[in-house]
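Results of the structural survey
Chain by chain, the residues:
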Amino acid sequence: MISLNALKFLSKNLLAILGVGVFWVFVVLVHSCSLSSSSLQKKLVVGKGERKVSALMESTLKEMRNGSHDNSVNGKFGFGGGVEDVYGEDRATEDQLVTPWTVSIASGYTLLRDPHHNKGLAFTEKERDAHYLRGLLPPAIVSQDLQERKLMHSLRQYDVPLHKYIAMMDLQERNERLFYKLLIDNVEELLPVVYTPTVGEACQKYGSIYRRPQGLYISLKEKGKILEVLKNWPEKSIQVIVVTDGERILGLGDLGCQGMGIPVGKLSLYTALGGLRPSACLPVTIDVGTNNEQLLNDEFYIGLKQRRARGQEYTELLDEFMNAVKQNYGEKVLVQGTASVVLAGLISALKLVGGSLADHTFLFLGAGEAGTGIAELIALKISKQIKSPVEEARKKIWLVDSKGLIVKSRLGSLQHFKKPWAHEHEPVKELVDAVKAIKPTVLIGSSGVGKTFTKEVVEAMASFNEKPLILALSNPTSQSECTAEEAYKWSKGRAIFASGSPFDPVNYEGKVFVPGQANNAYIFPGFGLGLIISGAIRVHDDMLLAASEALAAQVKQENYDKGLIYPPFSNIRKISAHIAANVAAKVYELGLASHLPRPKNLVKYAESCMYSPVYRSYR
């Protein structure tokens with residue numbers, strides 16, 4: 001019999017040990033007793049205080065001592081085994097409420113269903129004995145490396161990328177460490193599976209492939225109680241939140257609630273590439289409806305079936321969300337957004353095309369918030385080089401939207417974020433005419449519209465540039481402004497090309513060109529790690545510049561020889577450590593660090609802080 005004092009101790013300390021919060025229920029199971037479902041349901045308390053849990057246990061023990069509990073082995077309840085319908089679920093009518101019981105102690109069957117601790121066949125003999133796993137697993141004991149080889153073999157049998165994505169998500173939901181080890185060790189092969197371009201298709205079909213929640217959904221239904229919703233998330237020490245409202249998912253447009261695939265994918269990369277603990281990451285989708293008619297009419301759609309909320313209703317929901325995040329997780333939580341990977345590619349490309357950023361002229365196709373955000377970071381870097389205001393640097397950058405070149409004569413009809421980019425020039429409607437008029441050295445696509453860098457556009461770029469720099473950034477692959485093969489072929493092998501989605505190497509006239517991928521996965525994991533290890537109290541634009549410079553510095557001559565302006569992803573963890581160190585150094589330099597004193601070697605410190613997916617041994 002377990003003592004009353006021991007139960008009191010458990011009731012108080014499990015709250016601290018397990019992080020039990022509002023609405024959590026836990027049950028302590030002991031071999032010496034079993035409780036009738038009616039008694040348990042009478043005693044069930046759902047609440048915040050440990051006193052309620054302690055009182056419940058005291059009351060239950062008193063009943064047991066007085067013999068009022070039904071401990072008979074009568075086919076309904078009993079000791080040890082052979083227990084039938086313990087919780088009364090089978091005997092309940094369909095309209096009768098039952099309790100969704102859960103066991104708090106990770107052992108036996110529960111341990112095998114816990115993705116944070118499950119090791120599958122890698123549990124040792126000693127662990128199988130200590131954690132009641134005998135008979136629940138086949139007798140073979142295999143290493144994590146063998147598990148990895150087996151899974152990679154299985155994944156390579158799939159021909160359809162979406163099937164690989166589903167298999168990877170299934171693995172993440174049953175064995176977290178093995179998922180991350182697989183992704184880290186095979187990053188170049190699996191990155192296109194868990195992130196762009198496959199994640200785009202996954203978002204489009206998210207309602208059909210949805211199995212279990214991977215993040216937090218906050219909809220208009222939760223308005224006024226978002227703080228309570230945040231407290232429902234089981235992990236309490238959150239450091240990074242990635243949020244989407246699903247309106248603009250890659251180049252696929254409004255996917256509503258199904259945009260959850262993006263924050264889930266990004267945060268997987270924060271862990272795999274940047275070394276953040278999985279438990280410190282929170283994916284969030286803000287569901288305010290969708291204007292996608294196909295989704296509104298889809299019986300399998302998992303979000304709100306209503307038109308998107310706009311204006312005050314939308315703003316109030318976001319304000320409540322941000323305030324709830326600060327209240328629940330503190331001021332230092334990082335909500336992710338990035339644009340500096342493009343700047344890193346441009347800095348790197350200067351070694352191939354020559355000059356400084358200020359010597360070049362940039363033309364963007366796409367003047368949305370993504371395009372203008374990238375343009376602003378480039379302008380900031382140029383302004384620091386020429387020691388002039390950013391307004392002066394903006395004159396080197398031109399943007400084209402759906403109505404043509406952004407010029408001053410259009411100021412009255414422009415959205416606010418486009419106005420800084422309106423320069424003096426006659427109106428130009430078509431991209432190819434803008435290219436011929438502006439004569440840019442760098443052409444950047446962020447339009448989300450495929451096939452817009454036509455043969456005529458690329459040939460025009462090549463006519464006045466020895467090495468035209470062409471970045472087709474839109475995702476997924478189907479929305480890319482042009483393919484790698486088109487860029488190399490139409491420029492007669494002279495283009496320096498990078499894209500948002502991956503393309504295979506191209507053989508042109510006997511020479512193999514390896515296209516780079518301007519993937520923000522290069523930047524945001526290391527950037528986030530740098531902010532966290534320094535304890536940054538605020539994000540400054542100079543930190544984004546520091547991240548870009550660190551990434552550009554990782555490109556080696558052997559990469560340049562292949563026409564690459566980004567380093568290979570196979571070294572991504574080392575790259576992330578250098579980015580984190582450079583970002584952290586800038587944080588300390590600006591006096592915005594709260595983790596003091598500053599470590600002597602920031603690169604080594606960043607590496608030491610990285611999450612390792614190698615299995616742990618259990619007592």
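Residues numbered from 1 in each chain as written. Predicted model: local features only at pLDDT ≥ 70, side-chain atom pairs only at ≥ 80, totals over all residues. Heavy atoms only, no water.

With that settled, consider the overall build of the protein. When helices and strands are counted, the protein shows 26 helices and 13 strands. Put simply, the protein has 619 residues, and 53% of those count as buried. Across the protein, contacts joining residues at least 24 apart in sequence account for 70% of those joining residues at least 6 apart. (Helix = DSSP H or I, 4+ residues; strand = E, 2+ residues; numbered from the N terminus. Buried < 20%, exposed > 50% of the residue type's maximum accessible area, 1.4 Å probe, protein only. Contact = heavy atoms within 4.5 Å.)

A few words on the packing of aromatic side chains. Counting across every chain of the model gives 10 aromatic pairs. Residues Tyr 522 and Tyr 566 carry aromatic rings whose centres are separated by 5.3 Å and whose planes lie at 15 degrees to one another, so their mutual orientation is stacked. One end of the pair, Tyr 522, is in the loop between strand E13 (516–517) and helix H22 (524–534); the other, Tyr 566, is in the loop between helix H24 (557–560) and helix H25 (572–589), with 44 residues separating them in the sequence. By relative accessible area, which is 1% here, Tyr 566 ends up buried. Three or more aromatic residues link up through ring pairs in this structure, and these residues are Tyr 488, Phe 497, Phe 503 and Phe 513. Sitting over the ring of Tyr 618, Lys 119 keeps its end group 4.7 Å from the ring centre. Above the plane of the ring of Trp 421 lies Arg 394, whose end atom (NZ or CZ) is 5.5 Å from the centre. (Phe/Tyr/Trp six-rings, centres within 6.5 Å; stacked < 30°, edge-to-face > 60°. Lys NZ or Arg CZ within 6 Å of the ring centre and 35° of its normal.)

As a further point, take the nonpolar core. The tendency in soluble globular proteins is for nonpolar side chains to be buried as a group. In this structure, Tyr 165, Leu 346 and Ile 378 are the most contacted members of the largest nonpolar core, which totals 115 residues. A per-element tally of this core places H25 first, with 11 residues. If you look at the next biggest cluster of nonpolar residues, it comprises 31 residues, including Trp 398, Val 457, Ala 495 and Phe 503. (Core = buried A, V, L, I, M, F, W, Y, C linked by side-chain atoms within 4.5 Å.)

What the seven strands build is an open sheet, ordered E7-E6-E5-E8-E9-E10-E13; its pairing is mixed. Unpaired on one side and paired on the other, strand E7 (404–405) and E13 mark the two borders of the sheet. Against the sheet, helix H17 (residues 369–386) touches strand E5 (362–365), strand E6 (397–401) and strand E8 (442–445), its axis set at about 165 degrees to E5. On the sheet, helix H19 (residues 431–438) packs against E5, E6, E7 and E8 and is oriented at approximately 170 degrees with respect to E5. (Pairing = 2+ DSSP bridges. Axes fitted to C-alpha atoms, helices over the stretch in contact; angles between N-to-C directions.)

What follows is about the side chain of Ser 534. Position of Ser 534 among the secondary structure elements: in helix H22. Among the residues examined, Ser 534 registers a relative accessible area of 0% and is labelled buried. When residues no more than four places from it in sequence are discounted, the contact partners of Ser 534 are Ala 584, Val 587, Tyr 588, Ala 593, Ser 594 and His 595.

Okay, the pattern of salt bridges next. Taken as a whole, this structure holds 25 salt bridges when the rule is applied. Put simply, Asp 254 and Arg 308 hold a salt bridge, and the shortest N to O gap is 2.8 Å. You can see Asp 254 sitting in the loop between strand E2 (240–244) and helix H13 (261–272) and its partner Arg 308 sitting in the loop between helix H14 (293–296) and helix H15 (311–329), a full 54 residues away along the chain. Residue Arg 307 pairs with Glu 293 through a salt bridge whose shortest N-O separation is 1.9 Å. Remark: Glu 293 occurs in helix H14 and Arg 307 occurs in the loop between H14 and H15; sequence separation between them is 14 residues. Connected through shared salt-bridge partners, Asp 145, Glu 148, Lys 181 and Asp 185 make up one network. (Salt bridge = Lys/Arg side-chain N within 4 Å of Asp/Glu carboxyl O.)

So, about the UniProt feature "binding site: (S)-malate" (unreviewed entry) in the protein. Per the UniProt annotation, the sites labelled "binding site: (S)-malate" (unreviewed entry) are Arg 248, Asn 475 and Asn 519. With respect to the helices and strands, the residue Arg 248 is situated in the loop between E2 and H13. The residues contacting Arg 248, other than those within four sequence positions of it, are Gly 253 and Glu 369. Here Asn 519 shows up in the loop between E13 and H22. (UniProt positions renumbered as here; feature names shortened; annotations may be inferred.)

Take the side chain of Gln 517 next. Locating Gln 517 in the fold gives a position in strand E13. Judged by relative accessible area, which is 13%, Gln 517 ranks as buried.

Attention now goes to the environment of Val 288. Mapped onto the fold, Val 288 is located in the loop between strand E3 (281–287) and H14. Expressed as a C-alpha distance, the spacing of Val 288 and Leu 220, which sit 68 residues apart in the sequence, is 5.8 Å. With sequence-adjacent residues up to four places away left out, Val 288 is seen in contact with Leu 220, Gln 306, Arg 307, Arg 308, Ala 309, Tyr 314 and Leu 317.

The buried fraction of H22 amounts to 11 of the 11 residues, a majority that puts the element mostly inside the structure. Phe 524, Pro 525, Gly 526, Phe 527, Gly 528, Leu 529, Gly 530, Leu 531, Ile 532, Ile 533 and Ser 534 are the residues of H22 that are buried. Phi turns positive one or two residues past the end of H22, at Gly 535, with a value near 65 degrees.

Going from Thr 196 to Pro 197, the amide bond is cis rather than trans, its omega being 5 degrees. In this structure, Lys 387 takes a positive phi of about 55 degrees despite not being glycine. Relative to the assigned elements, Lys 387 resides in the loop between H17 and helix H18 (390–393). The class of Lys 387 is exposed, set by a relative accessible area of 75%. Phi at Lys 492 takes a positive value of approximately 60 degrees, unusual for a residue other than glycine. Relative to the helices and strands, Lys 492 is located in the loop between helix H21 (484–490) and strand E10 (496–499).

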